[in-house]
Amino acid sequence: MSLPQPPRRVVIVGAGIVGLSTAWHLLKRGVRVTLLDREPIGQSASCGNAGLLSIGHYPLTRPGVSWRGLKWMFDATSPLYIRPRPDWSLLSWMWNFHWHCNQRHLDRCMAVLCDMGFKTLSIYEEMIREESIDCDYARDGWLDVVLNPENMEAAEHEAKDLVRYGYSYRRLTGDELRKRDPIIRDEVAGAIHYTDSAHAHPADFLVGLARAVATRGATLRDGAEVVGFERSISGSVGGVRLRGGEIVEADAVVLAAGVWSDGLGKLLGVRIPLMGARGYHIQLRDLPALPSTGLVLHETFIAATPMRNELRLAGTLEIDRLDQPWRRERLAMLPKGAERYLKGLEQAKTTAEWAGYRPCTSDGMPILGFTKAAPGVLIAGGHAMLGMTLGPVTGKAAAELLFGEKPCFDTTMFAADRL
Ligand SMILES: Cc1cc2nc3c(=O)[nH]c(=O)nc-3n(C[C@H](O)[C@H](O)[C@H](O)COP(=O)(O)OP(=O)(O)OC[C@H]3O[C@@H](n4cnc5c(N)ncnc54)[C@H](O)[C@@H]3O)c2cc1C
């Protein structure tokens, strides 16, 4: 299933990392692009995330995760919290998720995700270089910081598994780690340094990329909420309808609206079952020292990323209906959990708090492809906690699919109609 001919005008719904990356690749091919977002750039998950470009990272669907999720279901302060509720879409998502938490599926996922990893960083570097984007990008890996000595072996085992995909790592003792990063507490046992990854200031990157696509000729509109789609007599989609009634016509529509693609898909008669896994961040300044690179605090799953002269603590995974009031106790878990690993947090000042959604599929893999129910629409998203990392390469493959070309990675597992 593809377009009858390469599109000359494309409308992209959603100016997050996926939408903007797709726009950039299409503009390079001479396509007229209109990017529509209901919000100004700077609010989305693509701006509030931890900024770890963690290539070779595992998806959510790992052996044992579904059982742990079930156990944690009744504990609102667990790292992964699913609020129990009688909801058929949640139950079927959870059942499918459980079904995919096995080694065989993980191996299949990793073969593709690891291939995307190195490609996405090359694209990041190309975008940053060509567009002069100032976003604090550094390709210096990330550290899996382990508090309890008995967890070091398991942490190294995870890293060792990636060597077969061409990734490398280094094991650091607690002393080696503190020599490199004096902010680490004496109690910390050590770390695994995933040396191939990078980190960046996500909002600065996104704003830079938005400026670049506008300079390259894209029409970028915020306050433009898509509420419907226009179909031709043949059934193919030829545009979108905005709140207020305006129609924006196109030869193809890219649906890159993060977790909200699910609701928009329903308007098209397409099933895109996504769960929004909410996470939070808290931004701190005036710390005595900053870590040299991005950290993940192993036992708590909290990320601590240096962003210019501040530290962003980000994490927690909470599955509930969208747009529920913030759970302040979960936000508070970030500094509380990080204090066990990092010195000086008590005296830091909070400069920002934020919450946003990771768009999660039940099989842990993103979605990228056309759908039978809505010819002319390409769906792109569902990257869960890997969207910032994999957005640029997803955008490249999206442009290739729109032009009827073989994508730069194997998208078989990404089929839009599989769920
Ligand atoms: C706490 C946290 C930490 C994270 N850390 C990392 C990390 O370190 N590394 C990593 O790789 N990933 C991370 N992620 C995941 C990553 O942020 C997401 O996977 C990614 O940003 C999703 O990008 P997207 O473009 O698909 O969607 P989004 O960024 O959500 O963008 C979707 C856009 O669509 C717009 N939209 C929605 N509906 C409509 C409509 N009807 N009309 C018009 N516009 C609409 C929205 O306003 C939004 O701007 C993290 C996420 C969270 C929450």
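Scroll up to find the structure.
Some points on the overall build of the chain
- Of regular secondary structure, the chain possesses 11 helices and 20 strands.
- Since a compact globule built from 419 residues should have a radius of gyration of about 22 Å, the 21 Å found for the chain is in line with a globular shape.
- Along the longest, intermediate and shortest principal axes, the C-alpha atoms of the chain span 70 × 50 × 40 Å.
- Considering the chain as a whole, with its 419 residues, one finds that 51% of them fall into the buried category.
- Taking as baseline every contact in the chain between residues at least 6 positions apart, the subset at least 24 positions apart corresponds to 76%.

Let's talk about unusual backbone geometry
- Unlike most non-glycine residues, Ser-132 shows phi in positive territory, near 50°.
- With respect to the helices, strands and loops of the structure, Ser-132 is situated in the loop between α5 (103-131) and β5 (142-146).
- For Ser-132, a count of 10 C-beta atoms within 10 Å gives the class exposed.
- Of note, the phi angle at Thr-316 is positive, near 70°, even though the residue is not glycine.
- Along the polypeptide, Thr-316 turns up in strand β17 (residues 310-319).

Concerning the site of the ligand
- Around the ligand there are 42 residues in total, and Gly-14, Gly-16, Gly-258, Gly-279 and Gly-387 lie nearest to it.
- Put simply, the parts of the chain that give the shell around the ligand at least two residues each are α1 (17-28), α2 (45-48), β14 (275-285), β17, β18 (349-360) and α11 (387-402).
- Residue-level mapping places the shell around the ligand at the junction of two domains, with at least three residues from each of domain 1 (1-63 + 102-137 + 198-274 + 361-419) and domain 2 (142-195 + 276-358).

Details of the nonpolar core
- In terms of nonpolar packing, the biggest core is built from 133 residues, with Val-13, Val-253 and Val-254 touching the most fellow members.
- The element that contributes the greatest number of residues to this core is α11, accounting for eight residues.
- Here this core spans two domains, since at least three of its residues come from each of domain 1 (1-63 + 102-137 + 198-274 + 361-419) and domain 2 (142-195 + 276-358).
- Contacts of Val-254, omitting those with residues within four sequence positions, involve Val-10, Ile-12, Val-13, Gly-19, Thr-22, Leu-378, Ala-380 and Ala-398.

Looking at the sheet that holds strand β1 (residues 9-13)
- In space, the six strands of this open sheet follow the order β9-β2-β1-β13-β20-β19, with mixed pairing throughout. Of all the strands in the sheet, the pair left with one neighbour each is β9 (219-221) and β19 (367-370). Strand-to-strand twist across the sheet, computed as the mean angle between neighbouring axes with direction ignored, equals 15°.
- Two strands pair when backbone bridges link them, and strand β13 (residues 252-255) and strand β20 (residues 377-381) are joined in this way by three bridges, in the parallel orientation. Directly across from Leu-255, in β20, lies its bridge partner Ile-379.
- Running over the sheet, α11 touches β1, β13, β19 and β20 and is turned about 165° from β20.

Examining the sheet that holds strand β12 (residues 247-249)
- Strand order in the open sheet formed by three strands is β10-β11-β12, and the pairing between neighbours is antiparallel. Each having just a single partner strand, β10 (226-231) and β12 make up the two edges of the open sheet. Strand-to-strand twist across the sheet, computed as the mean angle between neighbouring axes with direction ignored, equals 30°.

Rules behind the numbers
- Residues numbered from 1 in each chain as written.
- Predicted model: local features only at pLDDT ≥ 70, side-chain atom pairs only at ≥ 80, totals over all residues.
- Helix = DSSP H or I, 4+ residues; strand = E, 2+ residues; numbered from the N terminus.
- Rg over C-alpha atoms; globule rule 2.2 N^0.38 Å.
- Buried ≥ 20, exposed ≤ 12 C-beta atoms within 10 Å, placed from the backbone.
- Contact = placed C-beta atoms within 7 Å.
- Near = placed C-beta within 6 Å.
- Domains from an automatic or database assignment.
- Core = buried A, V, L, I, M, F, W, Y, C linked by C-beta atoms within 7 Å.
- Pairing = 2+ DSSP bridges.
- Axes fitted to C-alpha atoms, helices over the stretch in contact; angles between N-to-C directions.

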